[in-house]
Amino acid sequence: LVPITWDDGFPLIGLPGNLRRAPNTWLKPDTGYVQEPKPAFIHSDNFDGGKMITDWQWNHVPDDTKWSLTENPGKLRLHSLPADNFYAARNSLCQRPPAPESIMTVELDTSGMVVGDTAGLALLNVPYAWIGAVKSEDGITVQMLDNTGSGGGGRGGRGGFGRRGGGTPPTPAVPTISSEIPSAKIWLRVHCNFDTDDGIFSWSADGKEFTKLGETYRMRYNYQGTFQGVRPSLFHYNTTGEAGGYVDFDNYVVDEPRARGIEREIPTGKTVVFTSGADGSYLAAEGDKLVNVASDTTPDNAKFEVIDLGLGRVSLKAANGKVISVDSPQSVVLKDLGGAKAGDSESFQWVNLMRGDTMLMVLTNHQYLATKPNSPGAVTADAIGPAPARKSGAEFKWKEVD
């Protein structure tokens with residue numbers, strides 16, 4: 001939801017004084033209707049409900065005779081179809097992984113596998129990577145395969161990423177094979193960190209202790225081939241050219257260790273200091289003016305008490321007892337309220353940005369407190385929004401102090 005301001009009968013995104021820019025934080029309108037919150041996406045699936053959650057996507061048009069939730073109720077059964085490699089496998093079930101970090105774990109029962117079958121958990125992309133069980137004449141092994149550097153990838157899944165224009169055939173990817181002989185039931189896991197683009201594959205014999213297999217896979221966004229980032233995938237295919245056996249997947253669990261990102265609670269009732277994301281200068285009270293000062297240590301006049309005004313709004317009281325007040329976009333002062341309640345000029349909407357920075361929106365003009373980078377002096381209230389690099393002088397870092 002973003003606020004709309006009507007201007008001569010025409011709707012403009014934003015608030016008066018800062019039209020055409022949607023604030024990162026604003027008030028939810030009171031519609032008189034109460035609705036319980038619920039997640040926009042549900043990623044985990046135990047396959048117990050008789051139908052799959054709507055987050056799943058088939059990578060290719062599925063063969064509906066080769067997958068089932070009823071043959072073994074409470075499990076997703078995938079019968080293998082012929083394919084040369086994972087990218088060409090037809091009945092591969094995928095999701096979009098949540099960021100900034102997510103851990104996908106699934107149980108795999110390999111009892112129904114036959115020679116030539118490969119089944120497991122993959123990150124679908126070009127290049128791809130997977131961890132899973134492979135059935136050969138000698139039995140079942142747990143393997144991890146990283147397709148990076150083994151031929152790039154054309155779209156369409158023609159078995160092996162075909163070569164365009166001839167040339168030297170790509171070098172086949174060599175899997176990493178676990179030395180441990182697995183039982184029929186194993187657990188597979190991939191840990192994706194989208195800040196570092198690292199994907200780590202591991203497996204477990206008991207669902208508790210996981211062992212990394214293979215090298216860390218470097219995830220990427222493919223702009224030219226698949227037009228996507230990685231997608232976790234459950235798959236099963238057979239390399240003999242014929243349909244093979246079956247596997248049962250159960251308890252696909254997606255953990256999000258940083259679901260909140262690095263956003264922090266508003267430090268109401270605390271004393272904090274604000275530093276500019278552009279140059280590290282401090283917001284400080286200097287007489288009756290709000291300024292930014294460069295300093296190697298925290299100045300005493302840079303400490304502000306955060307007073308809760310409700311609705312995500314605060315006033316900021318300096319050590320001298322005065323609060324920050326906006327006279328005009330070019331004049332930000334310190335005012336003694338004499339016990340009176342803060343008005344709009346002394347009220348700021350606390351705006352959290354995704355990287356942990358904060359902006360302070362002035363309620364009188366819906367613009368933001370700002371400093372001039374690398375130029376200590378008077379603070380203004382005329383910034384219209386954040387800069388992508390968070391170095392415009394309007395984005396502040398903060399920390400609690402005594």
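Residues numbered from 1 in each chain as written. Predicted model: local features only at pLDDT ≥ 70, side-chain atom pairs only at ≥ 80, totals over all residues. Heavy atoms only, no water.

Trainee: I keep staring at the overall build of the chain and nothing clicks. Help me out?
Mentor: Counting secondary structure elements, the chain contains zero helices and 32 strands. The globule rule puts the C-alpha radius of gyration for 402 residues at 21 Å, and the 28 Å found for the chain is more than 25% above it. In terms of overall dimensions, the chain has C-alpha extents of about 85 × 50 × 45 Å along its principal axes. Across the 402 residues of the chain, 46% fall into the buried class. (Helix = DSSP H or I, 4+ residues; strand = E, 2+ residues; numbered from the N terminus. Rg over C-alpha atoms; globule rule 2.2 N^0.38 Å. Buried < 20%, exposed > 50% of the residue type's maximum accessible area, 1.4 Å probe, protein only.)

Trainee: Sorry if this is basic, but what is going on with the pairing of strand E26 (residues 331-335) here?
Mentor: Two faces, one strand: in a regular strand the side chains alternate between the faces of the sheet. Most of E26 sits inside the fold, with four of its five residues counted as buried. Sheet topology places strand E25 (residues 323-328) next to E26; five bridges connect them, and they run antiparallel. Bridge assignment links Ser-325 to a residue of E26, and that residue is Val-333. Taken together, E25 and the strand that follows it, E26, pair antiparallel across an intervening segment of two residues. (Pairing = 2+ DSSP bridges.)

Trainee: Explanation requested: the pattern of salt bridges in the structure shown.
Mentor: Side-chain pairing between opposite charges can occur once the charged atoms of the two side chains come close. Considering all chains together, one arrives at eleven salt bridges under this definition. With a closest N to O distance of 3.1 Å, Lys-185 and Glu-107 form a salt bridge. Taken as a pair, Lys-185 in strand E14 (residues 185-193) and Glu-107 in strand E9 (residues 101-109) lie far apart in primary sequence, 78 residues in all. The partner of Arg-258 in a salt bridge is Asp-195, and the shortest N-O contact between them spans 2.8 Å. Taken as a pair, Arg-258 in the loop between strand E19 (246-255) and strand E20 (271-276) and Asp-195 in the loop between E14 and strand E15 (198-204) lie far apart in primary sequence, 63 residues in all. A network of salt bridges, in which partner residues are shared, links Glu-71, Arg-77 and Asp-248. (Salt bridge = Lys/Arg side-chain N within 4 Å of Asp/Glu carboxyl O.)

Trainee: Help me out: how do you make sense of the packing of aromatic side chains in this one?
Mentor: Aromatic ring pairs are defined here through the distance separating the ring centres and the angle between the ring planes. Enumeration over the complete set of coordinates arrives at ten aromatic pairs. One aromatic cluster is present, formed by Phe-86, Tyr-128, Trp-130, Phe-235 and Tyr-237 through successive ring pairs. We note Arg-77 situated over the ring of Tyr-246; from NZ or CZ to the ring centre the distance is 3.9 Å. The ring of Trp-26 carries the charged tip of Arg-313 above its face, separated from the ring centre by 5.3 Å. (Phe/Tyr/Trp six-rings, centres within 6.5 Å; stacked < 30°, edge-to-face > 60°. Lys NZ or Arg CZ within 6 Å of the ring centre and 35° of its normal.)

Trainee: Where do I start with the pairing of strand E2 (residues 10-15) in this structure?
Mentor: Where strand E1 (residues 4-7) and E2 come together, four bridges link them in antiparallel fashion. Bridge pairing in E2 places Trp-6 opposite Pro-11. Hairpin geometry of E1 and E2 is characterised by an intervening segment of two residues between the two adjacent antiparallel strands and by a positive phi of about 55° at Asp-8. Of the strand pairs in this sheet, E2 and strand E3 (residues 18-19) are connected by two bridges, and their pairing is antiparallel. Across the sheet, the residue bridging to Gly-14 is Leu-19, located in E3. Hairpin connection from E2 to E3: two residues lie between these consecutive antiparallel strands, with Gly-17 at a positive phi of about 95°.

Trainee: Where do I start with the confidence of the model for the chain in this structure?
Mentor: Caution applies to low-pLDDT regions: their predicted coordinates should not be interpreted in detail. With 95% of its residues at a pLDDT of at least 70, the chain reaches an overall mean of 92. Below pLDDT 50 for its whole length, residues 152-167 participates in 30 contacts with residues either more than four positions away or in separate chains. (pLDDT = per-residue confidence, 0-100. Contact = heavy atoms within 4.5 Å.)

Trainee: Whenever I open this one, the side chain of Asn-365 confuses me. Can you help?
Mentor: Its location among the elements puts Asn-365 in the loop between strand E28 (358-362) and strand E29 (368-370). In terms of polar contacts, Asn-365 uses its side chain to reach the backbone amide nitrogen of Gln-367, at 3.1 Å. Within the local environment of Asn-365, its side chain forms a polar contact with the backbone oxygen of Ala-381, the two atoms lying 3.0 Å apart. Apart from the residues within four sequence positions on either side, Asn-365 is in contact with Pro-16, Gly-17, Asn-18, Pro-329 and Ala-381. (Polar contact = N/O pair within 3.5 Å; in protein donor to acceptor, adjacent residues only side chain to side chain.)

Trainee: Can you walk me through the sheet that holds E1 in this structure?
Mentor: Strand pairing within a sheet occurs via backbone hydrogen bonds; the two strands may be parallel or antiparallel. The three strands lie next to each other as E1-E2-E3, forming an open sheet whose pairing is antiparallel. At either margin of the open sheet sits one strand with a lone partner, and together these are E1 and E3.

Trainee: How do you make sense of the side chain of Gln-95 when you look at a structure like this?
Mentor: With respect to the helices and strands, the residue Gln-95 is situated in the loop between strand E8 (93-94) and E9. Its relative accessible area of 1% is what places Gln-95 among the buried residues. Discounting residues that sit within four places of it in the chain, Gln-95 has contacts with His-43, Ile-53, Asp-55, Trp-56, Arg-231, Pro-232, Tyr-252 and Val-254.

Trainee: Is there a simple way to explain the nonpolar core in this structure?
Mentor: Side chains of a nonpolar character, in soluble globular proteins, are inclined to be buried together. Among the nonpolar cores identified, the biggest contains 35 residues, and Phe-47, Leu-76, Ile-131, Leu-234, Phe-249 and Tyr-252 are the most heavily contacted of them. Going through the elements one at a time, strand E6 (76-79), E9, strand E10 (117-124), strand E11 (129-136), strand E12 (139-146), E14, E15 and E19 are the ones with two or more residues in this core. The residues contacting Leu-234, other than those within four sequence positions of it, are Phe-47, Trp-56, Leu-76, Leu-78, Asn-91, Ser-92, Leu-93, Val-106, Gly-120, Leu-121, Phe-249 and Tyr-252. (Core = buried A, V, L, I, M, F, W, Y, C linked by side-chain atoms within 4.5 Å.)

Trainee: Sorry if this is basic, but what is going on with the state of the cysteines here?
Mentor: Evaluated as defined, the whole model comprises zero disulfides. Counting only cysteine sulfurs, Cys-192 is the nearest neighbor of Cys-94, a cysteine outside any disulfide, at a range of 13 Å. Judged by its relative accessible area of 0%, Cys-94 falls in the buried class. (Disulfide = S-S within 2.5 Å.)

Trainee: Is there a simple way to explain the environment of Thr-171 in this structure?
Mentor: As for its position among the elements, Thr-171 is in the loop between E12 and strand E13 (176-177). We classify Thr-171 as exposed; its relative accessible area is 56%. Note: C-alpha distance between Thr-171 and Lys-212 (41 residues apart in sequence) is 24 Å.

Trainee: In this structure, what is going on with a nonpolar patch on the surface? I would like to understand it.
Mentor: Nonpolar side chains collect at one region of the surface, where Val-2, Ile-4, Trp-6 and Ile-13 lie side by side and expose about 410 Å² of accessible area between them. Note on placement: Ile-13 falls in strand E2. Judged by relative accessible area, which is 40%, Ile-13 ranks as partly exposed. (Patch = residues over 30% accessible without salt bridge, like charges linked within 9 Å, V, L, I, M, F, W, Y side chains within 5 Å. Areas by Shrake-Rupley, 256 points an atom, 1.4 Å probe, with all protein chains shown as cover.)

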